Amino acid sequence: MISVKEAKNIVLNSVQEFGVEEIPFLKSVGRILKEEITADRDFPPFNRVSMDGIAIDYTAFKNGQRAFKVEGIQAAGSQQISLYNSANCIEVMTGAILPKNTNTVIRYEDVSIKNGIATISINAITEAQNIHAKGKDGKVGDVLIKQNTKISAAEIGVLATVGKSFVKVAKQPKVMIVSTGDELVGVDEIPLEHQIRRSNVFTLVSLLERLHISSETAHITDDKPILKSKIERFLQEYDVLLFSGAVSKGKFDFLPEVFDKLGVKKLFHKVAQRPGKPFWFGENESCKVFAFPGNPISTFVNCLEYFYPWYYKSVGIKVEEETAILNADVSFKPNLTYFLQVKLSSRFGHLIATPISGNGSGDLASLVKADAFIQLPNDKADFKKGEVFKIIPYRSF
Ligand SMILES: Nc1nc2c(c(=O)[nH]1)N[C@H]1C(S)=C(S)[C@@H](COP(=O)(O)OP(=O)(O)OC[C@H]3O[C@@H](n4cnc5c(N)ncnc54)[C@H](O)[C@@H]3O)O[C@H]1N2
Ligand code: MOO
Ligand SMILES: [Mg+2]
């Protein structure tokens, strides 16, 4: 059986590019930018008045003049006007282009205007004050957003400003999520005593939505010929198939055999970890297959631990690992990596991970009580309060 590290290496070595598509910029939040965004003009594009008030020629003020006849008004959105007489002033509004022949703005609070004459009431004035100079924030051609940036509301404003109504982003993989099992019924159904409602497909759909991947879902009963014919079609139509269930040792755990019959190459089956041990991973020329074990927490943690980093690498982004301080002594004897559920809190700027008690990988309600998994390595059995380990948070973003 391979270790978590080996399994992860195999998964990360099988990343796949899905190409680039151009989409409306307002639909691009959460997507990965695949072009450089440069300034189409200087930032700001003109000398921008930054306070409502009057614009003057500073020389007049320096020479002792304090009263200025108002020659006109420069509103935001109006074409630039000119000051004709340097002994006069122009009333200017925030956001307006600075009138020609002026170089200093004095705010209304420091001026009184009577009968068309503006009298400056303060002496502390500096040349070029209250003007956001053309090109101060950036020059035409400057890179404003780097390629491979994950687009957020912050980037949307820049895209709008430079006129990028369409933007190039990494294409998302086409994903099908499949649950298996005769015991599973739909969310709206009343299960019989021996049945349960299916939940794994929906947690997987939601985990993928956090990555802005929309997916399709299907349910297949534990019937080998049906599994085979449906999966054969899915392999042709999708980039990625995610399964939950039917990969362990049971009489009806048909997936590994079906994958083999359909020519999907097994890259590994079973990883030295708990939960999630019977994970099966493979590929053919066009499709990756992540077959997660059916227990709900196994499916959940394996999606976060393997599919997420595979996706990040496929679209070209780096995500830093997070760590936290273990808040209790933990003993775990099996020679397996242990993904322990923890509640996160912060103390003096450090993340603290407090283990929560659950009843194993079938206890899906315990996911609600925790915020993350802490990854305890398999090279020892006793983990002490105060030690730092990698965590996989599932609530943040
Ligand atoms: N003899 C052995 N038995 C088992 C082993 C083993 O090594 N030897 N491994 C155990 C471990 S660990 C896990 S995890 C499970 C994995 O089982 P499968 O992947 O074969 O999954 P199923 O048998 O189909 O189901 C397991 C369990 O999960 C529930 N399930 C499945 N799909 C869903 C769903 N979509 N929503 C909610 N719950 C689901 C299912 O009802 C079962 O209770 O095998 C152990 N056995
Ligand atoms: O992998 Mo299983 O999840 O240990 O129950
Ligand atoms: Mg099974």
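As shown above, the structure is provided for reference.
Residues numbered from 1 in each chain as written. Chains lettered and ligands numbered in written order. Predicted model: local features only at pLDDT ≥ 70, side-chain atom pairs only at ≥ 80, totals over all residues. Heavy atoms only, no water.

1. Some details on the overall build of the chain
Rules: Here a strand is any run of E in DSSP of at least two residues, a helix any run of H or I of at least four, and the numbering for each starts at the N terminus. Just to be clear, the radius of gyration here is over C-alpha atoms, and the globule rule we use is 2.2 Å times residues to the power 0.38. Throughout this description, buried means an accessible area under 20% of the type-specific maximum (1.4 Å probe, protein chains only), exposed means over 50%, and partly exposed covers the range between. It only takes one pair of heavy atoms within 4.5 Å for two residues to be counted as in contact. Methods summary: accessible areas were calculated by the Shrake-Rupley approach with a probe of 1.4 Å, and residue burial reflects only the protein chains presented.
On a plain count of helices and strands, the chain comes out with 8 helices and 28 strands. A compact globule built from 397 residues should have a C-alpha radius of gyration of about 21 Å, whereas the chain, at 31 Å, is more than 25% larger. Oriented by its inertia axes, the alpha-carbon framework of the chain measures out at about 95 × 50 × 40 Å. The buried share of the chain, taken over its 397 residues, is 46%. Counting contacts in the chain only where the partners sit at least 6 residues apart, residues at least 24 apart contribute 70% of the total. Of the roughly 20000 Å² of accessible surface on the chain, 51% is carried by carbon and sulfur atoms.

2. Digging into the coordination of the magnesium ion (ligand 3)
Formally: Only nitrogen, oxygen and sulfur atoms within 2.8 Å of the metal, or 3.2 Å for Na, K and Ca, are treated as donors, and water is left out, so sites may look incomplete.
Donor atoms from the polypeptide that coordinate the magnesium ion (ligand 3) comprise Asp 253 (OD) and Asp 253 (OD), at 2.4 to 2.5 Å from the metal. Mapped onto the secondary structure, Asp 253 falls in the loop between strand E17 (240-244) and helix H6 (255-261).

3. Comments concerning the site of ligand 1
Put simply, the rule is: Any residue with a heavy atom lying within 4 Å of a molecule or strand is counted as near it. Whenever two N or O atoms come within 3.5 Å, that pair is a polar contact, provided that in protein one can donate a hydrogen and the other can accept it, and provided that, for residues adjacent in sequence, both atoms are side-chain atoms. The nonpolar class holds Ala, Val, Leu, Ile, Met, Phe, Trp, Tyr, Cys and Pro. Asp, Glu, Lys and Arg form the charged class, and all remaining residues, Gly among them, are polar.
Around ligand 1, a shell composed of 20 residues is seen, among which Glu 183, Ser 199, Ser 248, Asp 253 and Gly 294 lie nearest. Asp 253 is positioned such that a nitrogen or oxygen atom in its side chain is 3.1 Å from an oxygen atom of ligand 1. Between ligand 1 and Asn 295 there is a distance of 3.3 Å, counted from an oxygen atom to a backbone nitrogen or oxygen. Taken together, the residues of the shell around ligand 1 break down into 6 nonpolar, 10 polar and 4 charged.

4. Quick look at the site of ligand 2
Around ligand 2, the neighbouring residues are Arg 274, Pro 275, Gly 276, Lys 277, Pro 278, Asn 295, Ser 298 and Ser 361. A distance of 2.8 Å is found between an oxygen atom of ligand 2 and a backbone nitrogen or oxygen belonging to Lys 277. Asn 295 places a polar side-chain atom, nitrogen or oxygen, 3.2 Å from an oxygen atom of ligand 2. Residue composition of the shell around ligand 2, grouped by class: 2 nonpolar, 4 polar and 2 charged.

5. Topic: the packing of aromatic side chains
Going by this rule: Side-chain rings of Phe, Tyr and Trp, where Trp is taken by its six-membered ring, are said to pair if the distance between their centres is within 6.5 Å; with planes under 30 degrees apart they count as stacked, over 60 as edge-to-face, and otherwise as tilted. In our convention, an over-ring charge means Lys NZ or Arg CZ found within 6 Å of a ring centre and within 35 degrees of that ring's normal.
Enumeration over the complete set of coordinates arrives at 24 aromatic pairs. Between Phe 290 and Trp 310, the ring centres sit 5.5 Å apart and the planes meet at 75°, which makes this aromatic pair edge-to-face. Pair noted here: Phe 290 is in strand E21 (residues 288-292) and Trp 310 is in helix H7 (residues 296-315), with a separation of 20 residues, a long-range link. Taken together, a centroid distance of 5.0 Å and an interplanar angle of 80° make the contact between Phe 300 and Tyr 394 edge-to-face. Pair noted here: Phe 300 is in helix H7 and Tyr 394 is in the segment after strand E28 (388-393), with a separation of 94 residues, a long-range link. The exposure class assigned to Phe 300 is buried, which follows from its relative accessible area of 9%. In this structure Tyr 394 comes out as buried when scored by relative accessible area, which is 8%. Aromatic rings pair up to connect Phe 18, Phe 268, Phe 279, Phe 281, Phe 290, Phe 292, Tyr 306, Phe 307 and Trp 310 into one cluster. For the cation-ring pair, Arg 66 lies above Phe 61, with the distance from its terminal atom to the ring centre recorded as 3.8 Å.

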